[in-house]
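Spelled out, the chains give:
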Amino acid sequence: MLIRKPDRILGSEITPETVYYNRRQFMAASSAGLASLALPTIAKAGLQEDDEITPEDIVTQYNNFYEFGTDKSDPAAFAHEMSTDPWSVTVSGEANKTGTFAFEDIIKGLDVEERVYRFRCVEAWSMVVPWMGIPLKDVLAQFEPTGNAKFVEFETLYRPSEMRGQQGFFSSIDWPYIEGLRMDEANHPLTLMVTGLYGKELPNQNGAPWRLMVPWKYGFKSIKSIVSIRFTEREPLNTWKQLQASEYGFYANVNPAVSHPRWSQASERRLPSSLFNVNRRPTLPFNGYADEVAHLYAGMDLRKYY
Ligand SMILES: Nc1nc2c(c(=O)[nH]1)N[C@H]1C(S)=C(S)[C@@H](COP(=O)(O)O)O[C@H]1N2
Ligand SMILES: [Mo]
């Protein structure tokens, strides 16, 4: 159960709520008879002075989740057709503890934190979102990855009966959606498994019941509705790289100096954006998180490893 600290002020757009909880975590905690409460730590560190939290209705209605269609409005319209309860997750590969686990059991006992991150899509729009989640390193450690685990690969649910975008014969995506990280990226303290936003349960269109959030990478790395975690020795082949390797790589670090072949990445539209106020701002290396993460790529040619 999550309790918002009364003195917590996120931004003028947010109605102050003194108490809220994530239903699933609340239920998991109460069914386990846990008396202790996980208090969210406040993590606004790293925001720029002029970063303002994006209104909730934009975060939950302007989405990319191709399993439900390719229009930005499709996920909010159709993601309710996906059932997220029960939800099981298969853990496999280079780890001592593998198998199929109930989602509740994986997150039980792990603290949920609130993190406000900039979020930059490869399509050159961006938002600032108050996510709630568990550091990925805490999620992964319980499976005891072995020394052979150099990467971790994630898969999204494949269930065409509930995900209408997976039915389309015109769809060029080879489902399920796959993403991956190098283990040092996965274990970086900024990397989060998101279970909520705005202090609420994660809406289906944003990747319920849990999705990745890697704030220094383009949004497509942040895979939604995860059902599989696999520890591997080899670099996973992520969906967008598989679709178009000349445009989308494995690393996908936000980089204003490397243009997408069809558009510049030097700047971005910060939502809300309109014809009259485009709200364009320069894109920052590593989406503004360079101090925290640039060392992970020391000596790498980021034009080659894009
Ligand atoms: N399974 C899955 N995960 C996905 C996507 C998708 O189509 N399918 N789209 C990605 C892209 S391109 C972006 S920008 C973000 C969007 O997250 P949001 O809708 O919560 O803003 O999700 C990412 N994760
Ligand atoms: Mo994206």
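Quick caveat, the model's predicted, so the values are computed rather than measured. (Residues numbered from 1 in each chain as written. Chains lettered and ligands numbered in written order. Predicted model: local features only at pLDDT ≥ 70, side-chain atom pairs only at ≥ 80, totals over all residues. Heavy atoms only, no water.)

## Some thoughts on the sheet that holds strand S11 (residues 226-232)
Item 1. Read across the open sheet, the 5 strands follow the order S3-S2-S11-S6-S7; overall the sheet is mixed. Both outer strands of the open sheet, strand S3 (99-102) and strand S7 (178-182), are each paired with one neighbouring strand and no more. Averaged over all pairs of adjacent strands, the angle between their axes in this sheet comes to 20 degrees, without regard to strand direction. (Pairing = 2+ DSSP bridges. Helix = DSSP H or I, 4+ residues; strand = E, 2+ residues; numbered from the N terminus. Axes fitted to C-alpha atoms, helices over the stretch in contact; angles between N-to-C directions.)

## Points about the site of ligand 1
Item 1. Close contacts around ligand 1 come from 17 residues, with Asn-63, Tyr-66, Glu-67, Thr-156 and Lys-224 the closest.
Item 2. Between Asn-64 and ligand 1, the recorded distance is 3.3 Å, taken from a backbone N or O atom to a nitrogen atom.
Item 3. Taking 530 Å² as the accessible area of ligand 1 by itself, protein coverage stands at 98%. (Near = heavy atom within 4 Å. Polar contact = N/O pair within 3.5 Å; in protein donor to acceptor, adjacent residues only side chain to side chain. Areas by Shrake-Rupley, 256 points an atom, 1.4 Å probe, with all protein chains shown as cover.)

## Re the pairing of S7
Item 1. By the criterion of burial, S7 is predominantly enclosed, with 5 of the 5 residues buried.
Item 2. Of the two faces of S7, the one holding Ile-178, Gly-180 and Arg-182 and the one holding Glu-179 and Leu-181 are both buried throughout.
Item 3. Relative to S7, strand S6 (residues 151-156) runs antiparallel, the two sharing 5 bridges. Across the sheet, the residue bridging to Phe-151 is Arg-182, located in S7. (Buried < 20%, exposed > 50% of the residue type's maximum accessible area, 1.4 Å probe, protein only.)

## A closer look at the packing of aromatic side chains
Item 1. According to the stated counting rule, one finds 15 aromatic pairs in the structure shown.
Item 2. Residues Phe-119 and Trp-131 carry aromatic rings whose centres are separated by 5.9 Å and whose planes lie at 80 degrees to one another, so their mutual orientation is edge-to-face. Here Trp-131 lies in strand S5 (residues 125-135) and Phe-119 lies in strand S4 (residues 113-120), a separation of 12 residues in the sequence. Taken as a pair, Phe-119 and Trp-131 share a single burial class, namely buried.
Item 3. For the ring pair Phe-286 and Tyr-297, a centre distance of 5.6 Å and an interplane angle of 15 degrees mean the geometry is stacked. (Phe/Tyr/Trp six-rings, centres within 6.5 Å; stacked < 30°, edge-to-face > 60°.)

## As for the nonpolar core
Item 1. If you look at the biggest cluster of nonpolar residues, it comprises 74 residues, and the most contacted ones within it are Phe-154, Trp-210, Ile-229 and Phe-231.
Item 2. It is S5 that contributes the most residues to this core, 7 residues altogether.
Item 3. With residues near it in sequence (within four places) discarded, Phe-154 still touches Leu-136, Tyr-177, Ile-178, Glu-179, Gly-180, Leu-181, Met-193, Leu-212, Ile-223, Ile-226, Ser-228 and Ile-229. (Core = buried A, V, L, I, M, F, W, Y, C linked by side-chain atoms within 4.5 Å. Contact = heavy atoms within 4.5 Å.)

## Describing unusual backbone geometry
Item 1. Residues Trp-175 and Pro-176 are joined by a peptide bond in cis, for which omega reads 0 degrees.
Item 2. Note on placement: Pro-176 falls in the loop between S6 and S7.
Item 3. Leu-271 connects to Pro-272 through a cis peptide bond whose omega is 0 degrees.
Item 4. In this fold, Pro-272 is placed in the loop between strand S12 (267-270) and strand S13 (280-282).
Item 5. At Tyr-198, a residue that is not glycine, the phi angle is positive and equals roughly 50 degrees.
Item 6. Take Tyr-198: it is sitting in the loop between strand S8 (192-197) and strand S9 (200-201).
Item 7. Positive phi, close to 55 degrees, is recorded for Ala-252, a residue that is not glycine.

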